Amino acid sequence: RRGALPEIVEDGVDGFVVDDLDAAERAVGLAASLDRGRIRDRAIRRFSSARMVDDYVAAYRRVLSGGQSLTRPAPMLGARL
């Protein structure tokens with residue numbers, strides 16, 4: 001649960017976030033039950049080059065309009081806050 005993992009993996013939807021070896025073993029057994037189509041759709045929606053370009057353009061527009069500096073990134077579109 002450290003770093004970016006909880007922002008990237010939605011527990012039980014496109015993977016599992018575990019805290020110990022026992023939980024990791026259980027997660028391996030559950031992996032086949034994950035919906036691969038849903039995982040793919042979520043990955044495309046969140047990490048496609050088009051979506052990332054749109055976010056960069058939006059960030060640059062905010063900077064140019066004086067709305068925000070580049071040193072404090074805006075939350076990712078679609079991210080849960």
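Everything here concerns the structure above.
Novice: I'm lost on the pattern of salt bridges in this one. Help?
Specialist: Two side chains that carry opposite charge are able to pair once their charged atoms sit near each other. Evaluation of the coordinates by the stated rule reveals three salt bridges. Notably, a salt bridge pairs Arg-51 with Asp-55, separated by 2.5 Å at the nearest N-O pair. In this pair, Arg-51 and Asp-55 are both assigned in helix H4 (residues 49-64), four residues apart and thus about one turn of the helix distant. Neither Arg-51 nor Asp-55 differs from the other in exposure class; each is buried. One continuous salt-bridge network, built from bridges that share partners, spans Glu-10, Asp-14 and Arg-42.

Novice: Would you mind going over a nonpolar patch on the surface with me for this structure?
Specialist: Together, Ile-8, Phe-47, Met-52, Tyr-56 and Tyr-60 make up an exposed nonpolar region whose accessible area comes to about 500 Å². Structurally, Tyr-56 can be placed in helix H4.

Thresholds, definitions, all that
Residues numbered from 1 in each chain as written. Predicted model: local features only at pLDDT ≥ 70, side-chain atom pairs only at ≥ 80, totals over all residues. Heavy atoms only, no water. Salt bridge = Lys/Arg side-chain N within 4 Å of Asp/Glu carboxyl O. Helix = DSSP H or I, 4+ residues; strand = E, 2+ residues; numbered from the N terminus. Buried < 20%, exposed > 50% of the residue type's maximum accessible area, 1.4 Å probe, protein only. Patch = residues over 30% accessible without salt bridge, like charges linked within 9 Å, V, L, I, M, F, W, Y side chains within 5 Å. Areas by Shrake-Rupley, 256 points an atom, 1.4 Å probe, with all protein chains shown as cover.

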